Amino acid sequence: MTTSSDLSTAAASGTPDAAAPGRPALSPVRLRGVLLVLLTFGAGATDIVGFLGMEKVFTANMTGNIVLFGLAAGEAHGVDLARCGIATLAFALGLYAGFRVAGRTDPEHVWPARVTGVLCVVLALQTVFLAGWALAGAEPHGTGLLALIALSSTAMGAQTAAARSMAADGVTTTFVTGTLTSIMGGLTAGQTAAAGLRTSVILALAAGAAVAGALMAHAPIVAAAVSPAVLLVVVLAARRLHPAGAS
């Protein structure tokens with residue numbers, strides 16, 4: 001996964017490429033992979049909170065959400081249409097804003113500072129969501145429910161844009177159908193360099209969903225705190241990957 005050019009770029013940009021003496025080195029590209037896996041874990045948790053706690057709405061996986069939108073349309077369920085429609089629109093707006101800020105990543109930079117900037121906004125949105133979720137006793141209804149759906153979906157859209165802007169082996173952190181397709185396509189073509197990261201991303205999405213699912217039964221507020229907690233770790237760790245002189 002890590003190439004000599006990646007490592008030389010990291011060295012030139014002032015990014016640390018080795019751990020403390022006596023510890024194994026973690027290259028910038030590998031650290032980026034770890035952070036992307038963590039983001040995917042958080043997205044899995046977010047989707048379960050939405051599906052189980054916000055009347056079966058996905059706020060990170062728009063493929064499933066659009067299918068639910070179609071189902072609601074076919075059954076003429078206006079309330080379901082509103083929830084799924086708001087989630088999809090908010091996600092799209094989050095994508096647009098995220099791409100506008102993150103822009104196109106310079107190949108010489110493993111993780112630009114502006115990507116972390118987008119993730120800081122995502123963290124703020126998730127924190128507001130968590131506060132609203134707690135105030136509603138993890139049982140939001142009516143307008144409050146729609147507002148929380150919009151907050152979560154916007155955050156996940158922006159997170160997706162931030163990850164996608166880095167073009168890190170096609171990882172999106174919120175949906176993995178394309179990732180699974182890339183794994184199988186790469187295997188048939190004998191291209192396995194990114195298979196490890198892509199497989200880890202798929203497993204992380206399932207793991208995040210499993211953790212949140214277990215928590216939703218007895219500690220739904222803690223379940224909603226999983227994603228922002230993970231994102232905070234990512235934001236703090238990502239500073240190691242910023243180019244020299246970046247704010």
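Residues numbered from 1 in each chain as written. Predicted model: local features only at pLDDT ≥ 70, side-chain atom pairs only at ≥ 80, totals over all residues. Heavy atoms only, no water.

1. Observations concerning the packing of aromatic side chains
Part 1 of the reasoning: Using the criterion set out here, one finds two aromatic pairs in the structure.
Part 2 of the reasoning: Consider the rings of F51 and F58, whose centres lie 5.1 Å apart with planes at 20°: the pair is stacked.
Part 3 of the reasoning: Classification of F51 as partly exposed rests on a relative accessible area of 26%.
Part 4 of the reasoning: Ring plane angle 20° and centroid distance 5.9 Å describe the contact between F129 and W133, whose orientation is recorded as stacked. Linking F129 with W133, this pair stays in helix α5 (residues 113-135), spanning four residues, or about one helical turn.
Part 5 of the reasoning: On the basis of relative accessible area, W133 is assigned to the buried category, the value being 0%.
Part 6 of the reasoning: Sitting over the face of the ring of F51, K56 holds its NZ or CZ atom 5.7 Å from the ring centroid. (Phe/Tyr/Trp six-rings, centres within 6.5 Å; stacked < 30°, edge-to-face > 60°. Buried < 20%, exposed > 50% of the residue type's maximum accessible area, 1.4 Å probe, protein only. Helix = DSSP H or I, 4+ residues; strand = E, 2+ residues; numbered from the N terminus. Lys NZ or Arg CZ within 6 Å of the ring centre and 35° of its normal.)

2. Looking at the nonpolar core
General note: in soluble globular proteins, nonpolar side chains tend to be found buried as a group.
Part 1 of the reasoning: Counting residues in hydrophobic clusters, the biggest one holds 53 residues, and the most contacted among them are L36, W111, L119 and W133.
Part 2 of the reasoning: At the level of secondary structure, the elements contributing two or more residues to this core comprise α2 (28-53), α4 (78-102), α5, α6 (142-165), α8 (195-216) and α9 (220-238).
Part 3 of the reasoning: With 10 residues, α2 is the single largest residue contributor to this core. (Core = buried A, V, L, I, M, F, W, Y, C linked by side-chain atoms within 4.5 Å.)

3. Quick look at α8
Part 1 of the reasoning: Its 22 residues give α8 an end-to-end C-alpha distance of 32 Å, which sits within 8% of 32 Å, the value for a rise of 1.5 Å per residue.
Part 2 of the reasoning: Residues A195, L197, R198, V201, A204, L205, G208, A212 and M216 constitute the buried set of α8. (Expected span 1.5 Å × (residues − 1).)

4. Let's talk about the pattern of salt bridges
Part 1 of the reasoning: Going through the model one piece at a time under the given rule, you end up with two salt bridges.
Part 2 of the reasoning: The salt bridge partner of R83 is E55, with a shortest N-O separation of 2.8 Å. Taken together, the residues span a long stretch of sequence, with R83 in helix α4 and E55 in the loop between α2 and α3 (62-74) at a distance of 28 residues.
Part 3 of the reasoning: In this structure E55 comes out as partly exposed when scored by relative accessible area, which is 38%.
Part 4 of the reasoning: Between R83 and D80 there is a salt bridge, with its nearest N and O atoms 2.1 Å apart. Residue R83 and its partner D80 are located together in helix α4, separated by three residues, close to a single helical turn.
Part 5 of the reasoning: Among the residues examined, D80 registers a relative accessible area of 23% and is labelled partly exposed. (Salt bridge = Lys/Arg side-chain N within 4 Å of Asp/Glu carboxyl O.)

By themselves, these figures tell us nothing about what the structure is for.
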